[in-house]
Amino acid sequence: METAVFYATDTVDDWDAARSLLLEAFRLSQEAATAGRPIVYVVHGDDLLGRRGAPSAMVATGLLSAARTAAIELARSRVPANVVAVADDTDPSVVDRWVQHLSDRDGPTGEVVRLDASHLGKALP
Amino acid sequence: MVVTGAARGIGRAIGERLQTEGYTVIGVDIGDDLADTTFEPVQVDLTSPDGPETVARAVDRLGFPLVALVNNAGITRDARLVNLKEEDVAAVLDVNLGAAYRLTRALLDRLVPGSSIVNLASRAYLGNFGQFNYSMSKGGVVGLTKALALELAPDVRVNAIAPGLIATEMSMAIPADIRQKMVDNIPLGRMGEPAEVADLVAWLIHPGYITGEVLVIGGGRSLA
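Rules used throughout
- Residues numbered from 1 in each chain as written.
- Chains lettered and ligands numbered in written order.
- Predicted model: local features only at pLDDT ≥ 70, side-chain atom pairs only at ≥ 80, totals over all residues.
- Helix = DSSP H or I, 4+ residues; strand = E, 2+ residues; numbered from the N terminus.
- Rg over C-alpha atoms; globule rule 2.2 N^0.38 Å.
- Contact = placed C-beta atoms within 7 Å.
- Expected span 1.5 Å × (residues − 1).
- Buried ≥ 20, exposed ≤ 12 C-beta atoms within 10 Å, placed from the backbone.
- Nonpolar A, V, L, I, M, F, W, Y, C, P; charged D, E, K, R; others polar.
- Pairing = 2+ DSSP bridges.
- Axes fitted to C-alpha atoms, helices over the stretch in contact; angles between N-to-C directions.
- Parallel < 35°, antiparallel > 145°, perpendicular 65-115°, else oblique.
- Left-handed = near helix turned anticlockwise from the far one by under 90°.
- Core = buried A, V, L, I, M, F, W, Y, C linked by C-beta atoms within 7 Å.

Novice: Describe the overall build of chain B, naming the residues involved and giving the relevant values.
Specialist: From N to C terminus, chain B includes seven helices and seven strands. Reading chain B from its N end, one meets helices and strands in the order β-α-β-β-α-β-α-β-α-β-α-α-α-β. For 224 residues, the compact-globule estimate of 2.2 N^0.38 gives 17 Å, and chain B sits close to it at 17 Å. Seen through its principal axes, chain B has C-alpha atoms that stretch 50 × 35 × 35 Å. For chain B, the proportion of contacts with a sequence separation of at least 24, taken over those separated by at least 6, is 70%.

Next comes the structure, spelled out in structure tokens:
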């Protein structure tokens, strides 16, 4: 079954843009949850640590928490919800591969997979 | 200092705790129940276009240096993800996250060096059944905290507190049998008290070496 993938890797500059993205992610997630489709949010790793400004960080960490809650609600149906964190230079084919990994109903759920290295030695939200 | 959502519950406890240390507290709330507090009251809807500026004007009017901002105002509109209404997602995001961001921006120039921002997140940022919108908003507060901590260092420290089940009006509205099940899953075996959260806020506001962190106060619920 096709995975619902939401990309939020570009920077956003203000509250209105952040709000719009989070609402868009909600709509996609609700549609996926209703259909029993896996959910993957793709965010920028620097935003999980607040390095690219508040609006971008609010989106990335908001999506991480949303994935955790979706994972809890969908666990009984074995529908995973996860997050992939990328860097500026992450190859899109690598992202696609991890989206597939994280769509496995026997795989992890409620997790964040970091494809960059900038988080090493830092605290995850 | 400014405390939002100050009329009741955790916000009121925070304001009262800070007053015991001699601070002047501007209590911000949307309702008119600030009247029975001893705060400098500002009744305003923080999600309105001029809400944050209204608070900023109150700070200017009082003329005290702004040494702390506590973004506490929050609401819930709970439902499972499949049943959530978009207007309830928007409302929760606007109050819990948008208001904190916009008010902080409006007050930034007024915060003096050495001051502190404390954002009230929630243990729900780690995920909580039936709270997709709330969890998303409080997760956003965590990101807001980290970004501001980097942006405002070294002059202003920014931290978040993530309370678990606290004995407030909001929690006491949960049906008793469900509330008891929740308490049964808390290793410390009880709900937290608003005063305990207020103590932690007061501690974070004091000068220190902590910034960009999230402190969970949940009786061990994050483990069990």
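Novice: Can you break down helix α3 (residues 54–74) of chain A residue by residue, with the values?
Specialist: Its 21 residues place the ends of α3 of chain A 30 Å apart at the C-alpha level, agreeing with the 30 Å of an ideal helix rising 1.5 Å per residue. Most of α3 of chain A sits out of view: 21 of its 21 residues are buried.

Novice: If you had to explain the interface of chain A and chain B to someone new, which residues and values would you point to?
Specialist: Contacts between the two partners involve 32 residues from chain A, matched on the other side by 33 residues from chain B. Contributions of two or more residues to the side of chain A that touches chain B are made by α1 (15–35) and α3 of chain A. For the side of chain A that touches chain B, the leading source of residues is α3 of chain A, giving 15 residues. Split into classes, the residues belonging to the side of chain A that touches chain B amount to 16 nonpolar, 10 polar and six charged.

Novice: Could you give an account of the sheet that holds strand β6 (residues 157–163) of chain B, with specific residues and numbers?
Specialist: All names here are of chain B. Taken in spatial order, the seven strands of this open sheet run β3-β2-β1-β4-β5-β6-β7, and their pairing is parallel. What marks the edges here is a single partner per strand, and that holds for β3 (40–43) and β7 (214–217). With direction set aside, neighbouring strand axes in the sheet form an average angle of 20 degrees. The sheet contact formed by strand β1 (residues 2–4) and strand β4 (residues 66–71) spans two bridges and is parallel. Residue pairing in the sheet places Val3 in a bridge with Val70 of β4.

Novice: Summarise the packing of helix α3 (residues 86–107) of chain B against helix α4 (residues 132–152) of chain B; cite the residues concerned and give the values.
Specialist: All names here are of chain B. At a closest axis distance of 8 Å, the pairing of α3 and α4 adopts a crossing angle of 15 degrees. Classified by the angle between their axes, α3 and α4 sit roughly parallel to one another. For the crossing formed where α3 meets α4, the hand is right-handed. Residues Asp88, Val89, Val92, Leu93, Asn96, Leu97, Ala100, Tyr101 and Thr104 of α3 form the contact with α4, whose participating residues are Asn133, Tyr134, Ser137, Lys138, Gly140, Val141, Leu144 and Leu148. Here the residues of the contact of α3 with α4 are counted per class, giving 10 nonpolar, five polar and two charged.

Novice: Tell me about the environment of Met191 of chain B, residues and numbers included.
Specialist: Residues and elements named next belong to chain B. Secondary-structure assignment places Met191 in the loop between α6 (176–184) and α7 (194–205). As for Met191 and Ser135, which are separated by 56 residues in sequence, their C-alpha atoms are 20 Å apart. Leave out the neighbours within four places in its chain, and Met191 touches Leu165, Ile166, Ala167, Ser171 and Val183.

Novice: Quick one: what's the story with the packing of α1 of chain A against α3 of chain B, residue by residue and with numbers?
Specialist: Here α1 of chain A crosses α3 of chain B at 150 degrees, and the two axes come no closer than 11 Å. When the interaxial angle is binned, α1 of chain A and α3 of chain B end up roughly antiparallel. Helix-helix and strand crossings are classified by hand; for α1 of chain A and α3 of chain B the assignment is right-handed. Touching Trp15, Arg19, Leu22, Leu23, Phe26 and Arg27 of chain A of α1 of chain A are Glu86, Val89, Ala90, Leu93, Gly98, Tyr101 and Arg102 of chain B, all from α3 of chain B. Broken down by class, the residue content of the contact of α1 of chain A with α3 of chain B amounts to eight nonpolar, one polar and four charged.

Novice: Kindly report on the nonpolar core, identifying the contributing residues and their values.
Specialist: In terms of nonpolar packing, the biggest core is built from 106 residues, with Tyr41, Leu63, Ala67 and Ala70 of chain A together with Val2 of chain B touching the most fellow members. Counting residues per element, this core draws most heavily on α3 of chain A, at 13 residues. Beyond its immediate stretch of four places on either side in the chain, Leu63 of chain A contacts Ala8, Ala25, Tyr41, Val43 and Val83 of chain A.

Novice: Summarise the pairing of β6 of chain B; cite the residues concerned and give the values.
Specialist: All names here are of chain B. Across the seven residues that make up β6, a large majority, seven, are buried. Side chains Arg157, Asn159, Ile161 and Pro163 project from β6 onto one buried face, and the interleaved Val158, Ala160 and Ala162 project onto a second face that is buried too. As paired strands, strand β5 (residues 111–120) and β6 are joined by five bridges and run parallel to one another. Considered in β6, the bridge of Asn119 is made with Ala160. The pairing of β6 with β7 spans four bridges and is parallel. Bridge assignment links Ile161 to a residue of β7, and that residue is Leu215.

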